[in-house]
Amino acid sequence: MTENIVSKIEELLKTFEEGLEKIVKREKDLAEYSIELKKQLDLIGKEMIKEACELIDESLKENEERKKRYEVVRRDKRGLKTIFGDIEYERTYYKDKEGKGYVYLVDIVLGIERYQRIDNAVKGAIIERVVDMSYEKAAKEVLGEDRISRQSVMNILKGIDSKELDEIQHSKSVKGEKKVVKELYIEADEDHISLQNGKKEIAKLAYINTGYKEEKGVVIRKELKDLHYFSSVKEDADDFWAKVGKYIEENFEVEKIENIYLLGDGANWIKKGLEWIDGAEFVLDKFHLTKEIMKIAGGDRKLFNEILKALREKDREGFEALVKEKMEEVKEDELAKRRIKKGRRYILSHWDNIVLEAANVNIKGCSAEGHVSHVLAERMSSRPRGWSEDIAETMVKLLSLKYNGFELMNVYLEKIKAKKSERQEVKEIAKGIIKNGKRVRKGTEKWNNIPVIANGKVNQLRRALKSLISCSFYNAGIF
């Protein structure tokens, strides 16, 4: 086994040096060089993963503690899809002497489940990409032409409990001292997604921030401070806002906040937040307000400005007069009349929540529409697709995690690791084989005999390789 790795490392180093020479002679460009190196590195990776699995299996087989508790039944082959490509390794099947069944000990030590055919690193890498691209593209980007089916990617997503994603996010958000701020902004909007049953569903999005970042008291660019996202398809409004309220309580000195503004388009689920966020004041966001003014004014810029002035001055009579004047102007145009009535009804129903900068300098504009487009819509609704409700819920929570700064591959692997449970005797055997590393060390000694490493000119590459091969797999952290 080790001889295969040695020969492939020799090929890699030869490719490295010959490739450099050809680039200098302009016989090859960097792209061609990179492709060749990638192929060689993947081959080495597959050999090393295969050998690691089989060395551990052999160490378990020779372990005295194992011999007391498990007897050998047979040797089987197992295929596994890794980030380097497909591998096949041999493993030993054991019978528990106490009658507790049969087991592949090496799979338990490696963290591989009974019917698993795709390594968790591959699954994590796909999860990291699938929030940005289709199932097929995500699989191809991770595995190349060795890609898995669309259904396999869906199964990976189905295996994620969306509630656990909330728990991971929450557990890492409540660190350190609570923030002290005067104003807190909660902005909310929704994306409309299509389900597989043909129905439409809303994906709720809310995010907390403490205003724009400033340099020496001046807003240089409109980048929000202390930004944190929340999203859900399946949660009802009460559960959703309870989670937001809990986050605020655990991350901010609530009693020191002078103003909390909830900005949105006035949807019932958004206003529900007022029941969960103590002291919050609802403000109709300007984006939706502007759309409704345009419905009334049509293309009349003068009328648009007059309506805006009436709203700024809280002149309800003046606003009504302007609407009436426009209704008379359109006369028999029923479509225009319906549009104007709709805009008027929307504005009047939110009259007390219309606040423009001139009325309150603390309130900035709401940018929720843009955030919905950037965080949710690009993946969830911008192209025709039908989601299952469960996968949609998982996807929007993964998107929130991503934009809250989490590495999704790490999130996935942490979730898998947290679920692992081993029988105590297997843990003890695993500890025992770490001490018995003679077979591994004997194998890696051969690597030092690679001519290009042993005899070549000392440079950074050779130093790195010597450092790598001087360590056993066990010291490298398999356990």
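Every chain's residues receive numbers from 1 upward, in the order its sequence appears when written. Two thresholds apply to this predicted model, a pLDDT of at least 70 for residue-level local features and 80 or more for giving and counting side-chain atom pairs, whereas whole-chain, interface and lining totals are computed over all residues. Side-chain calculation: all heavy atoms of the structure are included, whereas hydrogens and water are not.

**Some remarks on the pairing of strand S2 (residues 85-96)**
Two strands pair if DSSP finds at least two bridges between them. Under the DSSP-based scheme used, a helix requires at least four consecutive residues in state H or I and a strand at least two consecutive residues in state E, with every element numbered from the N terminus. In terms of strand pairing, strand S1 (residues 70-82) meets S2 through 12 bridges, oriented antiparallel. Bridge pairing in S2 places Tyr70 opposite Asp96. The antiparallel hairpin formed by S1 and S2 contains two residues in its connecting segment. Taken together, the two bridges between S2 and strand S3 (residues 102-103) define a ladder with antiparallel strand orientation. In the strand pairing of S3, Tyr94 is matched with Val103. Connecting the antiparallel pair S2 and S3 is a turn made up of five residues, with Gly99 showing a positive phi of about 80°.

**Quick notes on the packing of helix H5 (residues 120-130) against helix H6 (residues 135-143)**
Here H5 crosses H6 at 130°, and the two axes come no closer than 9 Å. One element, H5, and the other, H6, form an angle in the oblique class. In this structure, H5 crosses over H6, and the sense of that crossing is right-handed. Touching Val122, Ala125, Ile126, Arg129 and Val130 of H5 are Tyr135, Ala138, Ala139, Glu141, Val142 and Leu143, all from H6. A fitted line through C-alpha atoms represents every axis, and for helices the fit uses only the stretch in contact; the resulting angles, taken between N-to-C directions, go from 0 to 180 degrees. Under this scheme an angle from 65 to 115 degrees is roughly perpendicular, one under 35 degrees roughly parallel, and one over 145 degrees roughly antiparallel; angles in between are oblique. Definitions for this section: a left-handed crossing has its near helix turned counterclockwise from the far helix by less than a right angle. A right-handed crossing has that turn clockwise. Whether two residues touch is decided by their heavy atoms; if any such pair falls within 4.5 Å, the residues are in contact.

**Notes on the sheet that holds S2**
An order of S1-S2-S3 is seen for the three strands of this open sheet, with the pairing classed as antiparallel. Looking at strand neighbours, the two that pair on one side only are S1 and S3, the edges of this open sheet.

**Considering the pattern of salt bridges**
Salt-bridge detection follows one rule: a side-chain nitrogen of Lys or Arg within 4 Å of a carboxyl oxygen of Asp or Glu. Scanning the entire structure with this criterion turns up 28 salt bridges. Among the ionic pairs, Lys309 bridges to Glu313, the shortest N-O distance being 3.1 Å. For every residue, the accessible area obtained with a 1.4 Å probe (protein chains only) is divided by the maximum for its type, and the residue is called buried under 20%, exposed over 50%, and partly exposed between those limits. Among the residues examined, Lys309 registers a relative accessible area of 47% and is labelled partly exposed. With its nearest N and O atoms 3.2 Å apart, the salt bridge here joins Lys326 to Glu329. Taken together, the residues Lys326 and Glu329, both in helix H13 (residues 316-330) and three residues apart, mark about one turn of the helix. Glu329 sits in the partly exposed class, given a relative accessible area of 49%. Three or more residues joined by partner-sharing salt bridges are found here, namely Asp166, Glu235, Lys243, Glu393 and Lys397.

**Describing helix H9 (residues 237-251)**
Multiply 1.5 Å by the residue count of a helix minus one, and that product is the helix's expected span. With 15 residues, H9 should cover 21 Å at 1.5 Å per step; its first-to-last C-alpha distance of 21 Å lies within 8% of that length. Within H9, burial applies to Ala237, Phe240, Trp241, Val244, Gly245, Tyr247, Ile248 and Asn251. One side of H9 carries all its buried residues, which in axial view fall inside an arc of 155°. Whenever a nitrogen or oxygen atom comes within 3.5 Å of another N or O atom, the pair is scored as a polar contact, on the condition that within protein one atom can donate a hydrogen and the other can accept it, and that pairs from neighbouring residues in sequence are kept only if both atoms are in side chains. If you check the start of H9, you find a side-chain oxygen 3.2 Å away from the backbone N of Asp238, and it comes from Asp236. The arc in question is the one traced by the directions running from the helix axis out to the C-beta atoms.

**A word on the packing of aromatic side chains**
Pairing of aromatic rings covers Phe, Tyr and Trp, the last through its six-membered ring, and needs centres within 6.5 Å; plane angles under 30 degrees mean stacked, over 60 mean edge-to-face, and all others mean tilted. Applying the stated criterion to the full structure yields 11 aromatic pairs. Considering the side-chain rings of Phe230 and Tyr247, the 5.4 Å spacing of their centres and the 80° angle between planes classify their relative orientation as edge-to-face. Of this pair, Phe230 sits in strand S8 (residues 228-232) while Tyr247 sits in helix H9, placing them 17 residues apart in sequence. An identical accessibility class is assigned to Phe230 and Tyr247; each is buried. Both rings, one in Trp241 and one in Trp269, keep their centres 6.1 Å apart while their planes meet at 25°; by these two values the pair is stacked. Here the residue Trp241 occupies a position in helix H9, and Trp269 occupies one in helix H10 (residues 268-271), the gap between them amounting to 28 residues. For Trp269, a relative accessible area of 10% translates into the label buried. In textbook terms, an aromatic cluster arises when at least three aromatic residues are bridged by ring pairs, as seen for Tyr93, Tyr102 and Tyr104. Here the guanidinium or amino end of Arg316 rests over the ring plane of Trp351, the centre of that ring lying 5.8 Å away. Placement of a positive charge over a ring is assigned whenever Lys NZ or Arg CZ falls within 6 Å of the ring centre and within 35 degrees of the normal to the ring plane.

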